[in-house]
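So the chains spell out like this:
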Amino acid sequence: MKLGVVGLPNVGKSTLFNAITHAGAECANYPFCTIEPNVGIVAVPDERLNVLGKMYNTKKITPAVIEFVDIAGLVKGASKGEGLGNKFLANVRECDAIVHVVRCFDDENITHVDNTVDPLRDIETIDLELIFADIESVNKRYDKAFSMIKTGDKKYKIEAERLEKLKKHLESGKAARSVPVADEEEKEFYDSLFLLTNKPVIYAANISEADMGKEAEDIPYALQVKNFAKSEGSEYIVICAKTEEELSMLDAEEQAMFLTELGLKESGLDRLVKASYKLLGLISYLTAGEKEVRAWTIKEGTKAPQAAGKIHSDFEKGFIRAEIVDYDVLVELGSFNACKEKGKVRSEGKDYVIKDGDVVLFRFNV
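Residues numbered from 1 in each chain as written. Predicted model: local features only at pLDDT ≥ 70, side-chain atom pairs only at ≥ 80, totals over all residues. Heavy atoms only, no water.

## Description of the packing of aromatic side chains
Geometry of an aromatic ring pair is reported as the spacing of the ring centres plus the angle between the planes. In the structure shown here, the tally under the stated rule is seven aromatic pairs. In textbook terms, an aromatic cluster arises when at least three aromatic residues are bridged by ring pairs, as seen for Tyr285, Trp296, Phe319 and Phe362. (Phe/Tyr/Trp six-rings, centres within 6.5 Å; stacked < 30°, edge-to-face > 60°.)

Below, the structure written as structure tokens:
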């Protein structure tokens, strides 16, 4: 799964990306310092893996991961190719979700593309460019559907009506993800269009170091972002990209001390990664043994055979059953065998839906 980190130039995208991935994307105080998208893989924080690793004295721990892409800054007119508009839109289109970084601090030493800080204006600038691009896509699809109505096939009439409804929604300045749907079939149709503004979003309110530790309600700029995100049903997170970048350079012990001094239980980056994982509708099931303890990423609602296929296609093809124990039960009893003796290991078939935290042993025919 891939998340695109977007925002206006000089809002802290690359700084945040550096902190997430330790990839060292170039940071500079001028627009478009990130021209080619930087890509990085980041582990999803999961303390369960460390617990199981100690229990099994495992040789290797492999966490679930998410891919982040630092996408070039956008300016007004991007939907018409202004600045790096075409490249920006293409990069966003390839992502499964968006992390929209919004500047929520004043600093006269850092240039703002519009000269002043205004979170809602900045959000609108990007949203409108994405909406304009979606309107163009919807118009093309509508013209095609409308021309096919004369064939007498009712599906084209229904499609044209839905597209007209969506077009009006977009033209009112609203994202496709907020268009009201009558039923699941209509929702699936809109999803099939792969529109930019139908992608799920996390708004990251990038605050100053002086505001670290404060709630969004105590930071006027951040509060604007929070209220906007809630109004459209999106996620939001308050984060200081500069501090997170500095924090990411410390070892685990130093990080823990720093967070304690700030009165925080976990870093903003850990919260962002967890929120991103949730945003994409992902969960992890676990496998554990002496050779490896590992988290496997699946979509929520995935059945056992398809989950087994994440390990190897042969596991799905030859699936017999899944032996499953709840993580908490396994930790309490100390071993898979102990769980079996206590009757805590369940044997599940092809229709079982894997749950987050299931510790699984798959049985299959080769």
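After that view of the structure, there is still more to cover.
## Some words on the nonpolar core
If you look at the biggest cluster of nonpolar residues, it comprises 68 residues, and the most contacted ones within it are Leu16, Phe68 and Val99. Those residues in contact with Val99 that lie beyond four places of it in its chain are Leu3, Gly4, Val5, Val6, Phe68, Ile202, Ala204, Leu272 and Ser276. (Core = buried A, V, L, I, M, F, W, Y, C linked by side-chain atoms within 4.5 Å. Buried < 20%, exposed > 50% of the residue type's maximum accessible area, 1.4 Å probe, protein only. Contact = heavy atoms within 4.5 Å.)

## Structural notes on helix 5 (residues 154-171)
Each turn of an α-helix holds 3.6 residues, which means side chains three or four residues apart point in the same direction. Relative to the 26 Å expected for 18 residues at 1.5 Å per residue, helix 5 spans 26 Å between its end C-alpha atoms, a close match to the ideal helical length. Each element contacted by the buried residues of helix 5 is listed here: helix 4 (119-148) and helix 6 (184-191). Measuring from the side-chain oxygen of the N-cap residue of helix 5 to the backbone nitrogen of Lys155 gives 3.0 Å; that N-cap residue is Asp153. Downstream of helix 5 by one or two residues, Gly173 has phi in the positive range, about 90 degrees. (Helix = DSSP H or I, 4+ residues; strand = E, 2+ residues; numbered from the N terminus. Expected span 1.5 Å × (residues − 1). Polar contact = N/O pair within 3.5 Å; in protein donor to acceptor, adjacent residues only side chain to side chain.)

## Re the confidence of the model for the protein
Per-chain confidence: the protein averages 88 in pLDDT, with 91% of residues scoring 70 or above. Confidence scores differ between elements of the protein, with helix 3 (residues 85-93) showing the lowest mean pLDDT of 75 and helix 11 (residues 304-309) the highest of 97. In the predicted structure, residues 30-35 sits below a pLDDT of 50 and forms 17 contacts with residues beyond four places in sequence or in another chain. (pLDDT = per-residue confidence, 0-100.)

## Quick notes on the pairing of strand 7 (residues 235-239)
Pairing of strand 6 (residues 201-206) with strand 7 involves five bridges; the strand directions are parallel. Within strand 7, the residue paired with Asn206 across the bridge is Ile239. Once the chain exits strand 6 it traverses helix 7 (residues 220-231) before rejoining the sheet at strand 7, and the crossover so formed is right-handed. (Pairing = 2+ DSSP bridges. Right-handed = clockwise from strand over helix to strand, strands pointing away.)

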